[in-house]
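This is what each chain is made of:
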Amino acid sequence: MAGLLITFEGGEGGGKTTQINRLAASLNARGHKVITTREPGGTPEGDKIRELLVRREGGDWTAEAEVMLIYAARVMNVERVIKPALAKGKIVLCDRFVDSTTAYQGYGHGLDLQWLRKVQDLVLGNFSPDLTFILDLDPEMGIGRTRRREAADALHVHQAEDRYENLDLSFHQKLRTGYQAIAQAEPGRCILIDASQDAGAVEKAIIKYVDDRLA
Ligand code: TMP
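Because the structure is a prediction, the values reported are computed rather than measured.

Here the focus is the packing of helix 3 (residues 63-87) against helix 4 (residues 98-108). Between two packed helices, the angle of one axis relative to the other and the distance separating the axes together describe the packing. Across the interface, helix 3 lies against helix 4 with an axial gap of 11 Å and an inter-helix angle of 170°. On the basis of the axis angle, helix 3 is roughly antiparallel to helix 4. On helix 4, the residues touching A63, E66, V67, I70, Y71 and R74 of helix 3 are V98, T101 and Q105. Its residues placed into classes, the contact of helix 3 with helix 4 shows 5 nonpolar, 2 polar and 2 charged.

You can see V210 is positioned in helix 9 (residues 199-214). On a C-alpha basis, the gap between V210 and L23 in space is 8.9 Å, while along the polypeptide they are 187 residues apart. V210 has contacts with I6, L23, L27, L131 and F133, leaving out every residue within four places of it along the chain.

Judged by nonpolar contacts, the single largest core of 21 residues is most densely connected at I6, F8, L23, L93, F133, I206 and V210. Counting only elements with at least two residues in this core, the list comes to strand 1 (4-10), helix 1 (16-29), strand 3 (91-95), strand 4 (131-136), strand 5 (190-194) and helix 9. When sequence neighbours within four positions are dropped, the list of residues in contact with I6 reads L23, I91, V92, L93, C94, L131, F133 and V210.

Rules used throughout
Residues numbered from 1 in each chain as written. Predicted model: local features only at pLDDT ≥ 70, side-chain atom pairs only at ≥ 80, totals over all residues. Heavy atoms only, no water. Axes fitted to C-alpha atoms, helices over the stretch in contact; angles between N-to-C directions. Helix = DSSP H or I, 4+ residues; strand = E, 2+ residues; numbered from the N terminus. Parallel < 35°, antiparallel > 145°, perpendicular 65-115°, else oblique. Contact = heavy atoms within 4.5 Å. Nonpolar A, V, L, I, M, F, W, Y, C, P; charged D, E, K, R; others polar. Core = buried A, V, L, I, M, F, W, Y, C linked by side-chain atoms within 4.5 Å. Buried < 20%, exposed > 50% of the residue type's maximum accessible area, 1.4 Å probe, protein only.

Quick look at the structure:
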């Protein structure tokens, strides 16, 4: 049986991590084989690249250089983690994938969308997620959620990863517009989910879409 690649996308504070964990638990409980991964990251090499990208002390990369770093991490994740799991018939849940690059580096930082598409085609060919959930949220609400999470987080893990989160509100609004455009352009793959609902309602909607796809 061929596996299934499901990606989770959206701006900050949309609840991707919670939803990935809940979906993984639901699928596992029903006997599916599930793995979770994230981008940038997913492999030890990719995690090193993540450090360069998400921490302010990681360096002052241009947007194009960021794309190269992101794709170096991505190709490792795809070849070493995602494709082998799919070949074993597993369901792969990936926290961010190509749509993050389109939204953040394209719509957010203003890189040419066709150039980004060329890089994607060159590196990944026609490899694509089967299903993508875009957790759509008013950026003011999302940033508020992120700040509250950081305040409650005794380990301050997220505070260290604040380079993108600290960009101004207009940047986050561009991201939202970008994600909405992506969802509109690829309705067969992308599902825009209203992430202002409570986590239980979002979880229910996601599980229903996944079950329909697995049926
Ligand atoms: P997060 O997924 O934990 O929110 O953090 C990852 C950060 O990296 C997030 O701010 C978005 C950013 N990012 C990009 O800018 N482009 C990408 O292609 C990916 C995968 C992530």
